[in-house]
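Structural overview
This is what each chain is made of:
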Amino acid sequence: MVDTTSLTRAVDHFADRLRAAPQSRLQRGAAAEALGLARELASWAQRVEEPGAEPREMPDAGMFAAADQITVAVHDLAVVLSDEGQVAEAVRLVEEAQKRAGV
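Here goes a summary of the coordinates provided.

Reading the values: rules and limits
Residues numbered from 1 in each chain as written. Predicted model: local features only at pLDDT ≥ 70, side-chain atom pairs only at ≥ 80, totals over all residues. Heavy atoms only, no water. Helix = DSSP H or I, 4+ residues; strand = E, 2+ residues; numbered from the N terminus. Polar contact = N/O pair within 3.5 Å; in protein donor to acceptor, adjacent residues only side chain to side chain. Contact = heavy atoms within 4.5 Å. Salt bridge = Lys/Arg side-chain N within 4 Å of Asp/Glu carboxyl O. Buried < 20%, exposed > 50% of the residue type's maximum accessible area, 1.4 Å probe, protein only.

1. Topic: the side chain of Thr71
Assignment of secondary structure puts Thr71 in helix 3 (residues 66-80). At 2.9 Å, the side chain of Thr71 forms a polar contact with the backbone oxygen of Ala67. Not counting residues up to four positions away in its chain, the partners in contact with Thr71 are Val11, Ala15 and Arg19.

2. Examining the environment of Gly62
Structurally, Gly62 is set in the loop between helix 2 (23-49) and helix 3. As for Gly62 and Leu35, which are separated by 27 residues in sequence, their C-alpha atoms are 8.9 Å apart.

3. What to know about the pattern of salt bridges
For side chains bearing opposite charge, pairing can occur when the charged atoms are close. Under the defined criterion, the tally for this structure stands at seven salt bridges. A salt bridge links Asp68 to Arg19; the nearest nitrogen and oxygen atoms lie 2.7 Å apart. Here Asp68, found in helix 3, pairs with Arg19, found in helix 1 (residues 5-20); they are 49 residues apart in sequence, far enough to count as distant. On the accessibility criterion, Arg19 (46% relative accessible area) is partly exposed. Here Arg92 makes a salt bridge to Glu89, at a shortest N to O gap of 2.5 Å. Within this pair, Arg92 and its partner Glu89 are both found in helix 4 (residues 84-101), separated by three residues, close to a single helical turn. Connected via shared salt-bridge partners are Asp16, Arg19 and Asp68.

Right under this line is the structure:
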């Protein structure tokens, strides 16, 4: 089993920052950035779980759900990661998205 603690910590930090962000920050792109990350991570997990199948797109549940969406997507991905390199890549994606979101 792969240790995904660093990934869980990274996404929990991002999610906490999103939850604490003012609505104006979410509207200026932080929520959209989080949704984009959630969709990317969910697609990655689906490609691992169902190779060859077309990944389903995570729906836009609104700016106030963005933190929950990245949390769910990361936890789904963490279950299917098979090596430390994949964990490091996922952490990098989360950290870069957080920087772009400005939270």
